[in-house]
Amino acid sequence: MEEMEEELKCPVCGSFYREPIILPCSHNLCQACARNILVQTPESESPQSRRASGSGVSDYDYLDLDKMSLYSEADSGYGSYGGFASAPTTPCQKSPNGVRVFPPAMPPPPTHLSPALAPVPRNSCITCPQCHRSLILDDRGLRGFPKNRVLEGVIDRYQQSKAAALKCQLCEKAPKEATVMCEQCDVFYCDPCRLRCHPPRGPLAKHRLVPPAQGRVSRRLSPRKVSTCTDHELENHSMYCVQCKMPVCYQCLEEGKHSSHEVKALGAMWKLHKSQLSQALNGLSDRAKEAKEFLVQLRSMVQQIQENSVEFEACLVAQCDALIDALNRRKAQLLARVNKEHEHKLKVVRDQISHCTVKLRQTTGLMEYCLEVIKENDPSGFLQISDALIRRVHLTEDQWGKGTLTPRMTTDFDLSLDNSPLLQSIHQLDFVQVKASSPVPATPILQLEECCTHNNSATLSWKQPPLSTVAAEGYILELDDGSGGQFREVYVGKETMCTVDGLHFNSTYNARVKAFNKTGVSPYSKTLVLQTSEVAWFAFDPGSAHSDIILSNDNLTVTCSSYDDRVVLGKTGFSKGVHYWELTIDRYDNHPDPAFGVARIDVMKDVMLGKDDKAWAMYVDNNRSWFMHNNSHTNRTEGGITKGATIGVLLDLNRKTLTFFINNEQQGPIAFENVEGLFFPAVSLNRNVQVTLHTGLPVPDFYSSRASIA
């Protein structure tokens, strides 16, 4: 458990956490340390002024600084993205753990209250010393942060396991070693104090005395205080809010900000998250085992390099001595070359040993900490930290990916000495390289841990081999057509990362990359197989929508400020496959006739959908519906919509058809046939209608069975 100690220490004071609190970024701080690093912010940064100006919606607003994104203008769809580079405006110092700590603007006023109850200066801001994210406190101050009781329990167990023999609690001077503990009195006694203070007669005769070690265990297993809600301090946590990912009380559900959120039973979510953490630990445990074996391999390589070096030096000295005095100066130069190679190999291997040792210690510490957390019997406390732990376990496992457990250096010296030249050629004597450098760049290596797909986009990353000596002037990325066809170039340039958009959904693509310079091109890299999403997840596109369109709910809910019909498109376009999405009617006043369907990217945005030849739609009122394309109205069908109705749109580009549904029933015949090309989901509506988009839905079962029969 010693490797877990780093997980149990505060990044500010460097000591074990005392009354730890959980910040919204999932990191922990001692309550006293959190108060010590508070910084007062200007009045304009306060939550009240933010709410008054409409610039913030949360009591804890992160201050993300210097956010920068860079996008390539290449037609291939390539994009590279920068990260966050936060520059603190407050001078910082180093904590005992080596992290940056932001000191308070002024010393806190003296107070006799505890850190939790002491008043917090108005407009206080706290910066996490680990991730350097800042947030502004509300009126509750530090009391608004939940306490990490699970971490307290783990620290207690850890300190007890490291403690010396238990001492008597009643000895006045030089306490003796305890021999028993009374479970009722909760006191440890030595033999003299037990006979004097706890005689086995009267009411005390019924008390149960146990050995000190057993008493320590019983103390550890005693139930802790039930956690209470941070918003309603008199109420216990009883449910788990799925949307906010936190335990809540019944008052939060009835009158608080969680009243409209999805909630689940606290015990069920506790068991679920424990199961997820246990499963994540299984994978990390395998990685740790591989890392231990890898370290053994690296340590044996050190010995082998040492032995090979001695052998090589001896051979070199024997050859140089045979050339007598004329070779002495050259011999020194060659020995220097060998020693340089020797030191280089040792440095590379030792650096890798050091890196893997540190990483393994951190991994083992995290595993031990997680195992101790799993032992906790406090559901709400566990759920407060389980998501962060699961993410950390997965991230740590990913960091042990392919390439991490591969030696960066070989044990062999790829050098050979040729002693056949004549004495007059002694000054040209040099090592003969076993492997000649190629005039073209080395084959690029695809970085699998950074390659991924999202919806119908694919991101690929690659690099040159670590020991490559030939520079590459650029790279050529090729993809096939998603159906096993010929490869085509999608990117040519100097960057080593590329994002390709506009791929087909539910398709398998093969990707490869090669490098080039003035001499020529390298061989292709290994082929990487990429699978795009089976179903599309998308939202409405505010960039292409009419100016009267009003979007909310992460661009999933739409209405309009005008009495005239206005058009909004989805962000994702379709050109292949079968796609289904739904829209629910949130508000329907005065019997308007909204339209739903698909459109080209250049459809008219200020008229009803279907008025021009760039849209295929169904418009519907409270009694009936029509299909419309190029201002041609067809197939009037009885049955309309009301508030709460669901409109389904099924675009089958394999069969080139468009079909509509109302409340899971097909509305009329197949609306349009022979549709092909690139289509975007589309809606037109006015101010009397509000709809919400639902994506990522599978094709309805009855349609799938009908298509298979056909």
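Computed from a predicted model, the values in this text were never measured in an experiment.

Draft legend 1. Representation of the overall build of the chain. What the chain contains, in helices and strands, is ten helices and 37 strands. The proportion of buried residues among the 710 residues of the chain is 44%.

Draft legend 2. Looking closely at the packing of helix α7 (residues 266-322) against helix α8 (residues 328-374). At a closest axis distance of 9 Å, the pairing of α7 and α8 adopts a crossing angle of 165°. Considering their axes alone, α7 and α8 lie roughly antiparallel with respect to each other. For the pair α7 and α8, the crossing hand works out as left-handed. Considered class by class, the residues forming the contact of α7 with α8 number 28 nonpolar, nine polar and eight charged.

Draft legend 3. Examining the sheet that holds strand β8 (residues 180-182) more closely. Taken in spatial order, the three strands make up an open sheet running β9-β8-β10, and their pairing is antiparallel. Edge strands, defined here as strands with exactly one partner in the open sheet, are β9 (187-189) and β10 (209-210). Across two bridges, the pairing between β8 and β10 is antiparallel. Along β10, the bridge assignment pairs Met181 with Val210.

Draft legend 4. Representation of the nonpolar core in the model. Judged by nonpolar contacts, the single largest core of 63 residues is most densely connected at Ile126, Leu277 and Tyr369. When residues of this core are traced back to their parent elements, those giving at least two are β1 (20-22), β2 (28-30), α1 (31-36), α3 (149-162), α7, α8 and α9 (379-399). Looking at this core, the element that brings in the most residues is α7, giving 15 residues. One finds Phe505, Phe540, Phe574 and Val598 within the second-largest nonpolar core, a separate group that totals 38 residues.

Draft legend 5. Quick peek at the environment of Gly639. Within the fold, Gly639 resides in the loop between β31 (632-638) and β32 (646-652). Given a relative accessible area of 28%, Gly639 falls into the partly exposed group. Contact partners of Gly639, with chain neighbours within four places excluded, come to Val620, Asn623, Arg624, Ser625, Ile662 and Gln667.

Draft legend 6. Examining the packing of aromatic side chains more closely. This structure, assessed with the given rule, holds twelve aromatic pairs. Aromatic pair Trp462 and Tyr491: ring centres 6.4 Å apart, planes at 50°, arrangement tilted. You can see Trp462 sitting in strand β18 (residues 457-463) and its partner Tyr491 sitting in strand β20 (residues 488-493), a full 29 residues away along the chain. Judged by centre distance (5.9 Å) and plane angle (70°), the rings of Phe538 and Phe574 are edge-to-face. With Phe538 in the loop between β23 (528-531) and β24 (549-552) and Phe574 in the loop between β26 (566-569) and β27 (578-588), the pair connects residues that are 36 residues apart, well separated along the chain. Judged by relative accessible area, which is 1%, Phe574 ranks as buried. Every member of this aromatic cluster is reached through a ring pair, and the members are Phe505, Phe538, Phe574 and Trp581. Seen from the ring of Phe16, Lys9 lies directly overhead, with NZ or CZ sitting 5.8 Å from the centre.

Draft legend 7. Spatial organisation of the packing of α8 against α9. The geometry of α8 relative to α9 is characterised by a closest axis approach of 11 Å and an angle of 150° between their N-to-C directions. As summarised for this structure, α8 and α9 are arranged roughly antiparallel, according to the angle between their axes. Crossing geometry of α8 relative to α9 is assigned as left-handed. Of α9, the residues touching α8 (which contributes Lys359, Thr363, Leu366, Tyr369, Cys370, Val373 and Ile374) are Phe382, Ile385, Leu389, Arg392, Val393, Thr396 and Gln399. Its residues assigned to classes, the contact of α8 with α9 comprises nine nonpolar, three polar and two charged.

Draft legend 8. Quick peek at the sheet that holds β23. Taking strand neighbours across the sheet as the criterion, the four strands line up as β20-β19-β22-β23 in an open arrangement whose pairing is antiparallel. Edge positions in the sheet fall to β20 and β23, since each of these pairs with one other strand and no more. Going across the sheet, the axis of each strand differs from the next one's by a mean of 25°, ignoring polarity. Here four bridges tie strand β22 (residues 508-516) to β23, and the two strands are oriented antiparallel to one another. Note on β23: the bridge partner recorded for Tyr509 is Leu530.

Draft legend 9. Region of interest: unusual backbone geometry. Backbone geometry places Lys656, a non-glycine residue, at a positive phi of 60°. With respect to the helices and strands, the residue Lys656 is situated in the loop between β32 and β33 (657-662). Lys656 sits in the partly exposed class, given a relative accessible area of 32%. One non-glycine residue with positive phi stands out, namely Asn663, at about 55°. Tracing the backbone shows Asn663 in the loop between β33 and β34 (665-666). Judged by its relative accessible area of 43%, Asn663 is partly exposed.

Draft legend 10. Fine view of the pattern of salt bridges. Using the criterion set out here, one finds 18 salt bridges in the structure. For Lys345, the salt bridge is made with Glu341, and the minimal N-O distance between the two is 3.9 Å. A residue pair is termed a helical-turn pair when its members lie 3 or 4 positions apart in one helix, as Lys345 and Glu341 do in helix α8 at four residues. Owing to a relative accessible area of 2%, Lys345 belongs among the buried residues under this scheme. Two residues, Glu676 and Lys656, come together in a salt bridge whose shortest N-O distance is 3.4 Å. Here Glu676, found in the loop between β35 (672-673) and β36 (680-685), pairs with Lys656, found in the loop between β32 and β33; they are 20 residues apart in sequence, far enough to count as distant.

Draft legend 11. Region of interest: the environment of Asn623. Residue position: Asn623 is located in the loop between β29 (615-620) and β30 (624-629). What makes Asn623 partly exposed here is its relative accessible area of 38%. Spatially, the C-alpha atoms of Asn623 and Glu638 are 6.2 Å apart, while their sequence positions differ by 15 residues. With residues near it in sequence (within four places) discarded, Asn623 still touches Thr637, Glu638, Gly639 and Gly640.

Draft legend 12. Representation of α7 in the model. Helix length check: α7, at 57 residues, gives a terminal C-alpha distance of 83 Å against a target of 84 Å (1.5 Å per residue), a fit within 8%. Ile324 sits one or two positions beyond α7 and adopts a positive phi of about 60°.

Draft legend 13. Region of interest: the confidence of the model for the chain. The predicted model of the chain averages 81 in pLDDT, with 81% of residues at 70 or higher. Mean pLDDT across the elements of the chain ranges from a minimum in helix α2 (residues 47-53), with 46, to a maximum in strand β28 (residues 595-599), with 97. Note on residues 96-108: pLDDT is under 50 here. Beyond four places in sequence and across chains, it has 44 contacts. Low confidence marks residues 111-116, where pLDDT is under 50. Its contacts with residues over four positions away, or in another chain, come to nine contacts.

Draft legend 14. Structural view of the pairing of strand β25 (residues 557-560). Where burial is concerned, the two faces of β25 agree: the one with Thr557 and Thr559 and the one with Val558 and Cys560 are both buried. In this sheet, β25 lies alongside β24 in antiparallel orientation, the contact comprising four bridges. Among the inter-strand pairings, Ile550 is bridged to a residue of β25, identified as Thr559. Connecting the antiparallel pair β24 and β25 is a turn made up of four residues, with Asn553 showing a positive phi of about 55°.

Draft legend 15. How the structure looks around the state of the cysteines. Counted under the stated rule, the structure contains zero disulfides. Note on Cys33: no disulfide assigned, nearest cysteine sulfur contributed by Cys13 at a separation of 3.7 Å.

Cut-offs applied
- Residues numbered from 1 in each chain as written.
- Predicted model: local features only at pLDDT ≥ 70, side-chain atom pairs only at ≥ 80, totals over all residues.
- Heavy atoms only, no water.
- Helix = DSSP H or I, 4+ residues; strand = E, 2+ residues; numbered from the N terminus.
- Buried < 20%, exposed > 50% of the residue type's maximum accessible area, 1.4 Å probe, protein only.
- Axes fitted to C-alpha atoms, helices over the stretch in contact; angles between N-to-C directions.
- Parallel < 35°, antiparallel > 145°, perpendicular 65-115°, else oblique.
- Left-handed = near helix turned anticlockwise from the far one by under 90°.
- Nonpolar A, V, L, I, M, F, W, Y, C, P; charged D, E, K, R; others polar.
- Pairing = 2+ DSSP bridges.
- Core = buried A, V, L, I, M, F, W, Y, C linked by side-chain atoms within 4.5 Å.
- Contact = heavy atoms within 4.5 Å.
- Phe/Tyr/Trp six-rings, centres within 6.5 Å; stacked < 30°, edge-to-face > 60°.
- Lys NZ or Arg CZ within 6 Å of the ring centre and 35° of its normal.
- Salt bridge = Lys/Arg side-chain N within 4 Å of Asp/Glu carboxyl O.
- Expected span 1.5 Å × (residues − 1).
- pLDDT = per-residue confidence, 0-100.
- Disulfide = S-S within 2.5 Å.

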